[in-house]
Each structure stands twice: as C-alpha cells, then as structure tokens.
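# Per-entry structural report
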Amino acid sequence: MSLVKGKSKRTAVFTVISVIIILTVLVLNFILDTTLRAGAYYADMTPEGFYTLTDAMIEECSFLADDDFVDEAGNKREVKITFCNDPDYLIANIETRYVYFMALDLAKVYPNVKVEAVNVTMNPTAVSEYKATSLTKISPSDVIVSEGGRYRIVNAQRFWIEGNAYEGDLFFNGEYRLATLIKSVTVMDKPKAYFVTDHGETYYDKNNPESEMSIKMSELYDLLVGRGLSVETLELSEVERVPDDCALLIINNPTKDFSFDPDRIDELSYVSDTEKLDIYLTMKQGAIMIAKDYEVTLPVFEGFLFEWGFDFSDSKLKDEENEIISSSGKENLIIAEYSKDTDGYAYAIYGEYADLSTAPVTVFGDTGAVSCSFRDSKSVNEPGAENVTRNYVPFLTTSVHSKLYKKDEYGEYNSLMGDEAVRDLAALSIRNRSDNTTNESYQSYIFCTASKDFFERDILANLSYANYDIVSGVINNISRFDDYADTVLGGNTFNSASYGGKRVTATHILADGLLDSDYKIYSNQYDPENPKNLLLLKTLTGLSTVAKVIFTVIIAIVPTAVLIIGAVVHVKRRYR
Amino acid sequence: MKYVAKKNTKIRILIISSVVFSVLLALAIVLHFVPFGEGSENPVEKEPPTLMDGEAYEKGQALAYPSLSASNITLISIKNNNEKSPGTFHFIRPESDEEGKIKNFEIAYEDKNGNLKYYYPEICEEDYSFNYENLYAVEMGDSFKRIPKLTYLCSVLEYPYFDERIELSSDPLERERELNMFSLSKEKAQYLSFVYTDKDGNEKTRKITIGDASLSGKGYYFMIDDRDYVYSTSSDYYSFALLGVASYVRPYIVAAGISDDNGFGPYLTKNYYQWLGQMHKGKEETVEAGSRVIVYGDIITPTFNDTKNAPDGYIRDGLSSFELDLSALSESGSYDRLIKALVGQKVGECEESIVATLTSLYASSKVIDFGEKTSLSYKYVITEIEAVIADERDVTEAGTPVGENNLVKVKYELYIDGVLISKTPYHAVIDLSDNAFLKDGFADKIRASSVGKLSESIEFTVDYTKENTTGRTVKYVIEEIISIYGQNGKTQKIIDDTSIVSYRYYFEIDGKKSGESITASLDLKNIEQKDSDVKARLLGLEVGRNLKIAVRENTGYYEYFNDFVTYEISKIEYFVTEELVSAFSFVNSADRDPYYGESLYENLLEGKYSLYGLASGVCESVVKILGGISLDGQSSDAAGLSGTETVAIGLTPEIMNEYDLYHHRITFELPRQIYEYYLDETKESEQYDSYFSLKFTLYISDEKPDGTRYIASDLYDVVTKVDGKNFVFLDYDFVSFWARRYMILMDYTEIDSLSIEFSMKDLVGGYNFDLDDNDEGKSIVMVTPFGECDDNRLNQYIKENNYKNGVSLTELYNHYVGGGKPTYIDDDTMGTTYFREALLGIFYTQYQDVMSKEDRETAINESNLLFKMTLDTKSAAYDYVYEFYRADDRRVLVRLYKQGINGEMLSEAVDDFYISTFGFKKIVRSFTYVLNAEEFERDIPYPNER
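Structural notes, computed from the coordinates. (Residues numbered from 1 in each chain as written. Chains lettered and ligands numbered in written order. Predicted model: local features only at pLDDT ≥ 70, side-chain atom pairs only at ≥ 80, totals over all residues. Heavy atoms only, no water.)

## Observations regarding unusual backbone geometry
Residue and element names in this part refer to chain B. Positive phi, close to 60°, is recorded for Asp660, a residue that is not glycine. Along the chain, Asp660 falls in the loop between α10 (653-658) and β34 (664-678). In this structure Asp660 comes out as partly exposed when scored by relative accessible area, which is 22%. A positive phi angle is found at Gln673, which is not glycine, with a value near 55°. Mapped onto the elements, Gln673 comes out in strand β34. For Gln673, a relative accessible area of 2% puts it in the buried group. (Helix = DSSP H or I, 4+ residues; strand = E, 2+ residues; numbered from the N terminus. Buried < 20%, exposed > 50% of the residue type's maximum accessible area, 1.4 Å probe, protein only.)

In structure tokens form, the structure reads like this:
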C-alpha cells in the first residue's frame, strides 16, 4: 500500500490495476507456455496446412492401434520418436520443424507413439543406448525411432528428397520416411539371429550354454542379445526356407560342404540349401555373417560365395611387419588397417576408429585372404536384373606388406604366393536394389572373413582390441530388417499423394506462407498436355488467409482501436 | 639515494654503448680484410687466370676457346668409355636447305660391329606431321622439363668457360698418375669432338676429353685438343657428354594424337593384334613353321656394277644375327626354299651351313634397257657352276653334277652387242626348264656339267627383242588422295602446282597389286622432272578414297638370267613361337553384325573364338592406354604412349633378347585425320574413318620384379622402360579377359525369331516366338508350341480356340490379364512388353566365369541338357544356338554354335563359360511367366516368395 500512499485515489486504483494486469499476463504466459509445451499445441498458419497429418499416413500407421500390437506380456507396444535437440531448436530449423510437428500430430492420433526431444549436446548419455559402437556419433539433427530393443537413427535431412525433374527443389518425403521407420522397427516383434548348424559349424547352443562350443561363442551371443536379437539355431537342410523372422544368419566356420540332391537339381522347382540363401538374400533385406577357415575347401559353398563376390584362397596370410603376439602368447595376430575412404561403407561403420590418431586395433588370428570375384569391377549387375547390383566392399585390410603362403611339400604354409600387397581380411558383399518408383534402396549384406575364430570369445572379449565394437557395428548395420511404407506416401509429393499432392521448394519453405510470393501447388500426376511437368493445380499470390487475419489484427485493428480510444479519452478530458 | 641510482644508470648506458660501438667497428675492419671463403653467399670475384694460346676471356669468364654458336656446329661425336653406356655416337647436322634454313641435328651411332647407323626411325617417314626435333629427349631434372639434353650439351661447346687451369707434370709417370686422378687417362676418359664453321667460314675440329666430376662435386675436369693441361669448370653440363646415345632419344612408343582428331584417334584403332610369345632356346628344340627364327649368318646378293668393294661380284651384308619371320615370309611365296631349309633345324650351330638361294622375279638388276634399239645381243659366258639349287638348300659341293636339276647358280661374263660390260664377274640363277635355254644345246651342256669352275666356258647368246623377252606391265596407282594443302591452307581439290599432296599409292604388276600401299607426300612446286607425269595426272583431282588412278605405266623387259639372293646361315640362335591372344578392329555402327552390335570393336580372331563378342570396355581401355588417354578419365587428350626412359636404340635381335622383348607383340593401326560421314541425308548415324593411319608394332617384355616392363616400338626404333601397372592386360588369355561376358546383347528389333526348348525334369516343351511388326510398326510376337509340352495357359488357350498357327502374346495377355480388353504398358501391349522383358533378362545375364576343361567335358552330356535357345537374327543366314547343361548345384554350362537353316552346325562350338543356376532359373522362369500370361518384374528373382 505504500505505493499508493499519498497519491490520489484514482492513481492508486490504476496502480493496483497495473500490477494486477502485469501479474495476470505473467501467470497467463506461464500457463500458456506450460500447456502448449505439454500438449504440443500449435497453430499451423500456412495457407496449405503443411503441418497436418494426412489420412493416408494415419491409415498407413493404423497397425499401431491394432489389438494384436502388443508385446509378449500383452502390453501395448510403444513406439518412441526421439528428436535430439530442444524443441525451440527443432522448430527454428526448417528441416526438423516439419518432421517434429508431423511426429507430434501422429502422437495425438496414436497414444502409443511417444515423442521426446532430448538435447544430445547437453545430455549425451540420454541416447547412449542407441550407440552401436562406443564411438558412434549422434547428431542434434538426428531422429531416432525405436521400439523395444530395435531402433533406427536417421538424420532429418533424410526426410527430404531432391526432385529429379526439378533440380534444386526439395520435396518433403516425411510421411513416407516416418511410416517406413516405424514399420521397420515394429515389423518383427522379436527379430532373431540364427546360427546355421548342419555343416559342422561352431555355434552357440542355448540348450547347452556350458559346452565348450557355446563358451567359445558366448561373447558373440551376448553381443547379439545386446543388439536386440534373440538367438536360435537353424538346420538349413531341414527347412524349406530361412525363417521370416531371421534378421541375421550366422555361418561360422563350416567344416562340411553345403548339400544338394543330385537327383533333383534338374528340376526348376528344386531349391538347394545354397539357393535358400539366395532366396533369403534377394527376397528381403537378408544379412549373413560368415567366418570360413581358409584351410577347408567347400566347393559348393565357395561357389555360392563366388557369385556374391567373394573369392577365397587356400593360402595362409601373414603380415609380419604388422602383427602382434596374442595375449596367450600362442599366436601372431594381424593388425587390420581401417579404410580411409570416407565415402565407403566400411568407414560408415568404423569411421570413428579410423579417424583416431591412436585407434584401438582390430586383430585377426589364423587367417587367409578374401578377394573380389567380380572381374574388373567391384560391382556387377545381378543376373538378368537392371537395377540390382552386387557390390564387393573391402572392410578390413592388411598393410601393403602382407604375403600369402601355400602349403609346401611338408604340409607347412611356407611356399610364398605372389608379391607383398594389401589384401582383404574381411569384406562385405552388398546387394542393392533400387526402386525407381519410391527412390528407395533395398540392401542385403554378407559379411565374410577367412579367419575361422573371428567371432570367438578369445578375440571378441579382449577389450584391448576393437573387435567387439567392430562386430557390434557390423551387426547393427547389416541386421536390418526393414519394412516399407506404402508407395502412396512416397514419390515427389508433399505430405500425401492421395490428396493431390503438394510440391514445395526450399524457397517456399523459407517463405512459409507469410510473404507475398508466388506459391504453386502441383498435383503428383503429370500434366497430360505437357507430360514432362507435374500438373499445376493453382498458383497463389499474396498473403495467406491466416496471415491476412493476423496482419489485419496486429497492424490495423489494434492501432486503430488504440487511436480511437485515445481520441475518445482526449476529447472527453478536453470537453469535460 | 635516488640521485645515486640515476647516476649509476647513466654510467651503465655509457659503458654498454661504448662496447657495442667497439664490437661493430672491429667487425667492419675484419670483414674488410678477410675475404669470404668458398660457399659464401657473397664470393669475392677472383682474378681471371692468365690466358694461354687459344683461350679467350668473354663476359668476365675465361673460356678454353672463343665462344661459338651452336648453329655453326655441324658435327658432334662422342666416344663414351663409361660402363653404363659405352659406345660412339654422333649428332650430325644435315646441310641447310636451299633457303639457307639450318636443319636440326640428326642422331647416328655405331652398332656393336662398329657399323654406323643413322637413327632415322620410320615415324619420320610415316607421320607427315613429324618433326625430327621431337625425337630429342628433354631434361626432366631441370625446372623447365622441355629443354632437350642436346641443347645443354651444345651450351658446353658454345661457351667452354673454366675456373682453373691445372698444369700437368712433364714426368710421364707422374703425368699418367695425374691424368688417372682426373679420369682423363685413355682408358677412362670420354671423348667428344665436334666440327664447326668459324667466323671466316672455315671448317674446324675440336676435341674435348672429359674426365671425372670435380672433387668438390660440382663441375668437371676436361682437356681441349692437344693442350697439355687440365681445365676445371663448375659447369655440370659436361655430364651430358657422359650419357649414352639412348639418353638423347625421347622414349616415345606410340605417337601422340593430332589436334584434328580431338583425342578420338585411339578409339578408332583398327587391326589390333596381340600375340603371346614363347622363346625356344633349348638345343633339342627344332624350328617350327610360322615361327620367328633368329639366325646368325650372312645375306649375299650379286652386284651388277664394276666395283672394288665386290671383286667377286657379290655384296655381303656381313655376319650378324638377324630375324626371319617365317610366317610373314611364307605369305610372299618367294621364300619357300629358305623356309623349308629352316623348319625342323635344331637350335644351335648348324652342322652344315644352310645356304638357300631365292630368285627374285621382279628384280630391276636384270631389266633390259632397249633404249632406242629394237634388239640387243647378249652373250653370256658361263665360267663356273656355283651351285645346284635343290628344293631345300643349295648344293655347293664341287663336283656335284647338275643332272636333272633345273635351277643352277652360275658365274658369267656378259657381253652386250659384243662389249664386255664389266670386269667384275656376274652371277645369276638360270632355270634350265625354260625353253629358251634349249637353244644351241645350252641346257644340255649345263646339265652335263658339275658344280665348280668349268674347264671350258659355256656360252649362251640371245638377241633380246621386246617380243621374245618377258614383258611385265608395272603401274603406279593412286588409291587415295589424303589431303591437299594449297596456298590458302587445306583444300579439297588440286588446283595448281602450289599444292602439297598427301596420297596413298601402290604398284600393280601385270594387273595384280604388288606389296602394300604406301603413303607419300608430293610438293608439286618442287617436283622433279622425272615425276612430271605424276604431277600432270594429279592436277584437278580431289580428296577421296578408292580412286584407282594409274598415274604412270611402264613395261619392264627381263633377261632369261634371274637375279637372286642367297642366305648363308651358320647358327640358329633361337626361335620364337607366338599365339594370337586377341584381335579386333573398330567398326562403324552401320557395318556391325547386329549380333555383336553393342561393341565398338569387331572380333578378328579366326576359329571358334570368333563366335564370342568382345568386351568393348576392355578393348577401349587398351586402346586408350596405347593412345595415351588417361584411364581414370582425368585427361581425354591422346598424348601418345611414352616410357620413362629410352634404354636402347635399334631393334636388333641382341637388343630384343637383352630386354626380353619376345614375350608379347602387339600391332595396330592408329588412325590419323579422322573424318565423319553419314550414310544418308537424314544424318542420323555418324560413321567415322580416317585418311590414313600409323601402323605400330610393339614388342613388350614380361613384368619385371620392380613392376616395370620394357617396350620397343618399331616406328620409333627404340626400347623404353615403362611402369607396368597399365599393362596387366597382357597377362590374360582371350576367354578370361577379352571375350564379352554377356551371352547376348543386341538390338531387340534385329531378332527375327527365338525358339526355346525346356528339357528339365519338371518342365518340358518347345516354343517358337516369331517377331514381326504390325501395321502400326509395333512388334507382335506369335508363339507356336512344338513337341511335347507341359500344360500352361498358352497351350490351354490354343486348345480352346483350336488355333493351328499359334497365338500372339498380345491376345494371350489381353485374355488372361485384361479379361478380353486390350492391355498396355506404356505404349506397347502387355504381351509384347513382357516378352521383351524376358529377352532383356537374357541380355542382362552375364557369364559367371570360365569352367575348367574337365568340368566342361563332364557337363556336356545329353542327360544334362536343361534348356536350348535358338536365335535367328534378321541379317544373318544362320542361327545362334545356345545349349544349357547342368554342371552342378551352382553352375550351368553354356554351349554356343552357329547353325545353318537345315540344322547343320556351321561352326565349332564354344563352351568355355557357365552362368549361375540363379541366373539360369531366372531366364527359365521369365519364359514360364510369359507362357502363362503372368506379370513379373525382372529385378525381383523370387516374386512368389515375397
């Protein structure tokens, strides 16, 4: 009351009112801010309703609401969409803004979709569960979609695509991308890794974990489980096909060749064991990890691998200038060289290691060499196919000084073969199929090494080597089991093709509906009169309706009202 | 205290200033009196040495002789004693032309036998744009990388400055020791002499003896003429005088492209042949027909001049090693006797020298020059029977009777119209079966004689007239006018005698082309009188090909006595057999066989491998390497192929052997002055050809342990060293490297029909697909089943409709997919589109790899035949038949051959490759989809599994 003391009564009243108004504004501001944040309420002020979720997207993700979308315990499965920055940053950035709002909209429709924004710069441990290797980097512009133990990390840029027909134009492909990510992490409730067992392989036997063989493979088993895979065994010759839930097939150190029925191989309908692998790799995104002993010759299996890009020698590899003695002191371990090709697949997996000046080493014990079976190229078209390639990728190599030794007359590996050279210790074959309709690429992978004990405990469990991280990175990258959204969500359209589609350029996004510029809305169909162009639906110029309302209120009505009130007060006071 | 402190400070400043000043003063005095030593940045100029006779002082430097201009030097001779590059060689400046223009030095060297050889490689003649100066090796150690080494050498001769003159001891022993110390003794020194024209126009010679590099490591010791002292110089350019002749020659292998061709020359390479050679040195090995034989011996030809150099009437090349390419020699037909003599001979010293005489039908030495006369009387006085020429070799043993042998080598004196022509004896081969020798019993007399000197000479007289001699018509035929340069540059027509004409010609004898075509240039302005008829015929002609213009015609009249050449071979050093690995030629799209239509290059191999198309990309990369185009796409300039250094000049057998050059041989024609043309006025399809070409033969070694190879180029006549990484293609055979890996790759519209036959356990039947165009120009595919067929929609439909001549795929798909309504994909019917997809599935199937011979033999068995495909193309009178045999779980062997219209095999089958079972099943499945009117995607191999 000291504020009003000594003042006139009117002054005191106005002072109190002012204080109340200020406090009210503050309180309202707080309430509104809290409510908007909590409820993700926002106003889409664009003329075209960019932030709306299309019916097609809702339909595509309707499986989230299905009654059978539950885990083993009967609980509703929950999809989490994690943005790696604070909301204000997400909104400020045009690439993340649309994705963020789309995710929030989806969360409104399907309550089991949770959206969170985590500042990974301030709180990096919040996303540590999504790091495939200890050095995996997660960027603030990344979006992580996860369900159970499976996740996909995608940069926000991937929600946009550049149009072929309209160079420089960006197209928002977000609904297709988000639906695909959600489908990919939810397609299998329990993706499995299978150890093939019927060729004398070394595998992990869940039923006999204390066996010597299981103990050898226990570290890989733990790694697989840690990557969200449940582990099973598979007798390939006893099944018609590799099971649908197989996210990773492991053929570890086979000692017997793959079999086929010689009486039936002249039948078109006969499927041999290696053809089962063909089917697995070509029908979806198959992934196989193979460790093969260079000393064991398996003509049929090697014939299969040859077609997929791998040529095995039966010679022992030595890299004497680049070896260390194992901790047991029993054998020499070759130190692998990391690829420095920053655009290469191998670098994508372990680039963090390759960049370190004192990188932890990846080692190979008793090993042979793998080389590319494709003649003068690292890439060939799959037989009969036009948009399918098989690509050989060196993964880990020796130094330039490695030598190959064949068995001499005494059965010892002492007979030098060829010159000193860089040789591949492990390599990948990547089958890539491009879909011209969706611009989507589908990949299958085979990881191969000629070191029979590469996946065994002695090496994987030794934390002084990078082997665990490298294998973890490989598993994480190749054991993808993606499913894809319907193509109706894809293509070069904005939001949805089913409703005419909208094309937007980067300029338009920046303009964001508030500036007076040409605004073209296109169909996703081509113009019948000019088939090279999309059909133009309409061209807008000037401000959007909402903007016009806001501008009218802010620019015209408020000042006018203030002016009128001021005039009235002025006149009243003067002629009172 | 403050005052005291201030005072101390002042004193300290004064003391320090004094010390600094004193030090600077002392330094100035010392530096003034003490000169800087050697190596200082500011050397003190030395007093010039006192000049002796013949020396000069120019531009502040002492010269061993007055400076001169390189343009006045006419000859530089270098005798090199060092171990690395011993030998003697010369730089010889030809006389200036009529306009006084000074010509560039030409290089000459002495071979191992001391014979002087000019380095004037064929490229100088073959490439009209070639400049001899381009052959000079440039110094890559300087910052310019374009100044010839010869220029550096000349600079030494032009301006021979020296730093010190060192007197030599008068004591002979001490003097020898001193010369040894500077490596100027006779055994160690390098000798350089040069001839120049002095200011007065007199020709003078100077001799420079060059020793070691100076003790300081910079500069050399040298002596001039017969002066009795040694000069030291800081010039390093004397090192150029220590180089071998090869170092002065640029390591060219293949010529750079010309700007007119924009780098496209190599792509249009024609007649590329690559051989893999094997050298046979074993003493038990015997010479094989068609091999290249390196022999040691002599080549002897009779002379017809009275010369002191050939008192016995024979000119001998001299004993040396030389190569006889039996394959090339056999083509001419004139060397059969020599070939017979060599084939089957053991490598090594011959137990008895091989002597083989070859007669030359068109030798000019036996031409009768009637002049104005109508008849000439020839009297041959035979004094000796030198040899009886048997089928395999000459029999020279004295006393051997001529008997029934027809060919006899004789020595004789020749009188024409009663005048003895030459005191030097003449030699000829006479063929006693010739009726002309029946006259006066001459043939009988010879037959009654024996090899050796005749106790009584035998005469043969004949009055030659143009009627009774052998007359042969020799024509000089121009087949192509390549280019014409007139006063205003390049023109199309020879308007006047100011033109310079490049043209290609050949000789025609008695209506038959003799030898290969020759490219020549003629400056009509400077044409010699004897060629005036050629000039007259050329005027008015235009640039063009296939001209066949006879510009000169002569008739030659020949004696009955034949000229000859005799080979005397005492040793077969070794022989080389060669296997043709690859052969191809650029072919225009209009000239291609549609079956191989996708490839720029035509397979020139003969035999079964001619069936395989070529991997166009492989051929292209090889011709790019040879043409000097960067493989990594960094440069599209045809920079030509060069080595890193020239290691030898002259492709003698010794050098070929030393550098291991018998391993690989490549010949090819590099086009020059490409032009484009069109087949019709629509100008839709560009075709290319060139006005002329350079034909190279390269001899290449195996890769050496350091990763290099040696390559010799015939047109440049040098052996060079190259980085071997681009030449790994030499190590592959045809099938594994050069052969096209696509089973079929051709234009769909060129297919007339395709017949397929399934013979699998669960799939049998034959179907013929006939391709035709409907009225709208669209393809229609009629399918007719044959033989025993499994049930499918096609067979059902045909049966239901009682069709006799098959059904079109359009109708089949319309029925089953369209429900009776037309079905389309894009602008074609669904039936035709899916048939085309099935074909594309085959086109995109590559051979997986080569199958071993043992596996091939096992696989090719009637019981293993799974599928057969017969392809009939529109332009060929035969079919291509593909048979697919099961080899094992993963492999299906492909056998290919040509088949005539009656089903007969027209070619040997090839069966080197297999395809994967994966690819095979995909092909078969795609046809089953078509026969069942089903839709399918080629990129999805197992659609039912998805």
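## What about the packing of helix α13 (residues 809-816) of chain B against helix α16 (residues 917-931) of chain B?
All names here are of chain B. Across the interface, α13 lies against α16 with an axial gap of 10 Å and an inter-helix angle of 70°. When the axis of α13 is compared with that of α16, the two are roughly perpendicular. Residues Leu809, Leu812 and Tyr813 of α13 lie in contact with α16, whose contacting residues are Tyr929, Val930 and Leu931. Split by residue class, the contact of α13 with α16 holds six nonpolar, no polar and no charged. (Axes fitted to C-alpha atoms, helices over the stretch in contact; angles between N-to-C directions. Parallel < 35°, antiparallel > 145°, perpendicular 65-115°, else oblique. Contact = heavy atoms within 4.5 Å. Nonpolar A, V, L, I, M, F, W, Y, C, P; charged D, E, K, R; others polar.)

## Thoughts on a nonpolar patch on the surface
Where nonpolar side chains cluster on the molecular surface, the patch consists of A:Val13, A:Phe14, A:Ile17, A:Ile21 and A:Val25 and spans about 450 Å² of accessible area. Tracing the chain through its elements places A:Ile17 in helix α1 (residues 9-39). (Patch = residues over 30% accessible without salt bridge, like charges linked within 9 Å, V, L, I, M, F, W, Y side chains within 5 Å. Areas by Shrake-Rupley, 256 points an atom, 1.4 Å probe, with all protein chains shown as cover. Salt bridge = Lys/Arg side-chain N within 4 Å of Asp/Glu carboxyl O.)

## Describing the pattern of salt bridges
Residue and element names in this part refer to chain B. If you walk through the whole model with that rule in mind, you get 54 salt bridges over all chains. With a shortest N-O distance of 2.5 Å, Glu55 and Arg165 are connected by a salt bridge. Of this pair, Glu55 sits in the loop between α1 (2-33) and β1 (56-58) while Arg165 sits in strand β8 (residues 164-167), and the two are 110 residues apart along the sequence. Like Glu55, the residue Arg165 is buried in the burial classification. In this structure, Asp417 engages Lys373 in a salt bridge whose closest nitrogen and oxygen atoms are separated by 3.1 Å. Here Asp417, found in the loop between β21 (407-416) and β22 (419-420), pairs with Lys373, found in the loop between β18 (348-360) and β19 (375-389); they are 44 residues apart in sequence, far enough to count as distant. Here the salt bridges do not stand alone but share partners, grouping Arg292, Glu323, Glu578 and Arg665 into one network.

## Observations regarding the interface of chain A and chain B
Listed by partner, the interface residues are 36 residues for chain A and 36 residues for chain B. Both sides of the chain A and chain B interface together cover about 3,300 Å² of buried area, and 47% of this is carbon and sulfur. On the chain A side of the interface with chain B, the three residues burying the most area are A:Asp266, A:Leu268 and A:Arg375, jointly 23% of the side's total. On the surface where chain A and chain B come into contact, there are six salt bridges. Its salt-bridge partner being B:Arg890, residue A:Glu307 comes within 2.8 Å of it at the nearest N-O pair. In this assembly, chain A and chain B are joined by 22 residue pairs in polar contact (both at pLDDT 80 or more). Elements represented by at least two residues in the side of chain A that touches chain B include exactly α7 (273-283), α8 (299-307), β19 (388-397) and β22 (424-435) of chain A. Looking at the side of chain A that touches chain B, the element that brings in the most residues is α7(A), giving six residues. Here the side of chain A that touches chain B is composed, by residue class, of 12 nonpolar, eight polar and 16 charged. (Buried area = accessible area lost by both parts, 1.4 Å probe. Polar contact = N/O pair within 3.5 Å; in protein donor to acceptor, adjacent residues only side chain to side chain.)

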